[in-house]
Amino acid sequence: MAKQRPQHRAVYPAPEELPQRIASRRKLAERIMMAMALRAEDEEAAADRIMESLIQSCGRAEVARMLARLMKTLEHPDDPEVEAAQLYSAYVASWRRLGGERPLLSLEEHQRLRDERADLIAREMFEGQTLSPEERQRVDALGAQIFAEPHLWDDLIPPNPPASVAPQGAPPPAHARPGRNDPCWCGSGRKYKQCHLRADEASGL
């Protein structure tokens, strides 16, 4: 009598688990790519081997996607105010698509929470400190609040736009943008051309 082969039942993740798993894999790939970027030229062969391993585990299209997004995140304008405006415009774009019922942060609130999150991450990445469970939870909560690292998940989650009219402080649609010399929509008190004009143009608002 022939022996029966043991049956192995594949366990597939639930649909709601898939976005989290994919985002976690992308985060790991991003960290590996960042580490590769810091390697010296004499380690080029090792970097190539790591890249090939990433392609085999994640797929060439996914690796190309992450590389393009990573290069974009490494581009910083020289003017800190322009950078803050661009980051805020990216946040507003994510809020418009996935904000649900959560309130829209002001430019100042967004920058304050972003700086707090960056300080916590810097302590862990560059100072070698281990964050407490409470601090780790705070990093995650801040990330969710400001839509941090949208390139890890923005194509995995269905749109959930605000059900009501955008609250005061939300940028108007492109056709209703202020004039160059009018006050900026963000409430900073500066002229639009000196504040969010360049960031809005860059994000297509």
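Refer to the structure printed above.
Values in this document were obtained by computation on a predicted structure and should not be read as measured data. (Residues numbered from 1 in each chain as written. Predicted model: local features only at pLDDT ≥ 70, side-chain atom pairs only at ≥ 80, totals over all residues. Heavy atoms only, no water.)

**Focus on helix α4 (residues 80–98)**
- Between its first and last C-alpha atoms α4 spans 27 Å; for 19 residues at 1.5 Å apiece the expected length is 27 Å, and the two agree.
- Every buried residue belonging to α4 is among V82, A84, A85, Y88, S89, Y91, V92, S94, W95 and L98, and all of these are buried.
- The backbone nitrogen of E81 has a side-chain oxygen 2.9 Å away, supplied by the residue at the start of α4, namely D79.
- Looking one or two residues beyond α4, the residue adopting positive phi is G100, at roughly 55°. (Helix = DSSP H or I, 4+ residues; strand = E, 2+ residues; numbered from the N terminus. Expected span 1.5 Å × (residues − 1). Buried < 20%, exposed > 50% of the residue type's maximum accessible area, 1.4 Å probe, protein only. Polar contact = N/O pair within 3.5 Å; in protein donor to acceptor, adjacent residues only side chain to side chain.)

**Regarding a nonpolar patch on the surface**
- A cluster of nonpolar residues, M34, M125 and F126, forms a patch on the protein surface that exposes about 350 Å² of accessible area.
- Tracing the backbone shows M125 in helix α5 (residues 107–125). (Patch = residues over 30% accessible without salt bridge, like charges linked within 9 Å, V, L, I, M, F, W, Y side chains within 5 Å. Areas by Shrake-Rupley, 256 points an atom, 1.4 Å probe, with all protein chains shown as cover. Salt bridge = Lys/Arg side-chain N within 4 Å of Asp/Glu carboxyl O.)

**Here's the deal with the packing of α5 against helix α6 (residues 133–146)**
- Taken N-terminus to C-terminus, the directions of α5 and α6 make an angle of 140°; their axes are 10 Å apart at the nearest point. Considering how the two elements wind past one another, α5 and α6 form a crossing that is left-handed. Each of H110, L113, R114, E116, R117, L120, I121, R123 and E124 in α5 lies in contact with α6, whose residues at this interface are E135, R136, R138, V139, L142, G143, Q145 and I146.
- Across the contact of α5 with α6, the residue classes break down as 6 nonpolar, 3 polar and 8 charged. (Axes fitted to C-alpha atoms, helices over the stretch in contact; angles between N-to-C directions. Left-handed = near helix turned anticlockwise from the far one by under 90°. Contact = heavy atoms within 4.5 Å. Nonpolar A, V, L, I, M, F, W, Y, C, P; charged D, E, K, R; others polar.)

**Observations regarding the packing of aromatic side chains**
- Per the stated rule, a full pass over the model turns up 3 aromatic pairs.
- Relative to F147, the ring of Y91 has its centre 5.8 Å away and its plane inclined at 35°; by these criteria the two rings are tilted. Residue Y91 is located in helix α4, and its partner F147 is located in the loop between α6 and α7 (197–203); the two are separated by 56 residues in the primary sequence.
- Overall, Y91 belongs to the buried group, its relative accessible area being 3%.
- Exposure remark for F147: the relative accessible area of 7% places this residue in the buried category.
- Here F147 and W153 contribute two aromatic rings whose centre-to-centre distance is 6.3 Å and whose plane-to-plane angle is 45°, an arrangement assigned as tilted. (Phe/Tyr/Trp six-rings, centres within 6.5 Å; stacked < 30°, edge-to-face > 60°.)

**A closer look at the environment of A37**
- The residue A37 is located in helix α1 (residues 18–37) in this model.
- Classification of A37 by relative accessible area gives exposed; the value is 59%.
- Along the primary structure A37 and A47 are separated by 10 residues, whereas in three dimensions their C-alpha atoms are 8.5 Å apart.

**Examining the pattern of salt bridges**
- Enumeration over the complete set of coordinates arrives at 10 salt bridges.
- Linking R138 and E116 is a salt bridge whose minimum nitrogen-to-oxygen distance equals 2.9 Å. In this pair, R138 is assigned in helix α6 and E116 in helix α5, connecting sequence segments 22 residues apart.
- For R138, a relative accessible area of 33% corresponds to the partly exposed category.
- On the accessibility criterion, E116 (26% relative accessible area) is partly exposed.
- Taking the shortest distance from any N to any O, the salt bridge between E149 and R117 comes out at 3.6 Å. Of this pair, E149 sits in the loop between α6 and α7 while R117 sits in helix α5, and the two are 32 residues apart along the sequence.

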